[in-house]
Amino acid sequence: MKFYKYHGLGNDYIVLDPCEIGHNLNSSKIITICHRNLGIGSDGILYGPFNIENNSFSLRIFNPDGSEAEKSGNGLRIFSRYLWDKGVVSDLPFSILTLGGETKAQVFDNGAIVSVELGNLSFYSKDIPMIGENREVINEVMEINGEKLRYCAANIGNPHCVIFDREISEKEAKILGPLIEKSHLFPNKINVQFIKILDKNNIQIEIWERGAGYTLSSGTSSAASAGIAFKLGLCSSNITVHMQGGTIEVSIKDGFHVSIKGSVTKIAEGFICKEIFI
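Draft legend 1. Region of interest: the pattern of salt bridges. All chains considered together, the criterion is met by 17 salt bridges. Between Lys-2 and Glu-269 there is a salt bridge, with its nearest N and O atoms 3.0 Å apart. Of the two residues, Lys-2 is situated in strand β1 (residues 2-8) and Glu-269 in strand β18 (residues 265-271); the sequence distance between them amounts to 267 residues. Between Asp-12 and Lys-5 there is a salt bridge, with the nearest N and O atoms lying 3.3 Å from each other. One network of salt bridges, with partners in common, ties together Lys-5, Asp-12, Arg-36 and Asp-43.

Below you can see the structure in the form of structure tokens.
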């Protein structure tokens, strides 16, 4: 089974081309491939491209627990770099279709930098989704582990919950992240970010990803966190998001249309042996 591995700021994905792998992909195989000890190890799998037409490509995104994700900002940037490496796209913009909608992507600096237009943020509970009447989920309070947490929520093709007023750390993300992810408030579970406002153009976040766990960086988490900071008037429309894995530039335009831009690094390519699935 042919594979390609990349990381976007420490958020690593394996690309599997359905025309090359010679296997049917199922949740059991996805879990094995993504396992850090029993497989190649990754934060997910990018399965594509499908339906190549008019400079547009379809992509499926899988979490390491075998579930399918609607969208991944770093995953889209990595997949864009993969298409560029294969000579399928040039340095002109192109489209990628996922479960979370269509995005525009563009590759710069011989593949080193990739930007993706993620689409429009929605802060409405019906889009996230959340329980209760439809409203913008801004500065609400939940109780987790005996603590009251102030949060906002948004959807950028996948759902996010941004937690305020905490001393952010990896430890905090690993303790509270999984509890918030599976809270009854979010029937489809949710990605979680813990945010610190540094100044008008910079924020810092720690990330717990739905279906993946603690993550060094995330494109959609960056977009959601920056978009919420902008909506609250805490930051400008151009924000650098600082994460354990590095930084992503976020640009917010009219209608909360969000774009991200950052580096992508190729790690390896090779073959996965059949015996790991036995």
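Following the structure, the description resumes.
Draft legend 2. Spotlight on the pairing of strand β8 (residues 113-120). Across 5 bridges, the pairing between strand β7 (residues 101-108) and β8 is antiparallel. Each bridged residue has a counterpart across the sheet, and for Gln-106 the counterpart in β8 is Ser-115. Here β7 folds back onto β8 in antiparallel fashion, the turn holding 4 residues, of which Asp-109 has a positive phi close to 50°. By the bridge criterion, 7 bridges tie β8 to strand β17 (residues 257-263) in an arrangement that is antiparallel. Its bridge partner lying in β17, Ser-115 is registered against Lys-261.

Parameters and conventions
- Residues numbered from 1 in each chain as written.
- Predicted model: local features only at pLDDT ≥ 70, side-chain atom pairs only at ≥ 80, totals over all residues.
- Heavy atoms only, no water.
- Salt bridge = Lys/Arg side-chain N within 4 Å of Asp/Glu carboxyl O.
- Helix = DSSP H or I, 4+ residues; strand = E, 2+ residues; numbered from the N terminus.
- Pairing = 2+ DSSP bridges.

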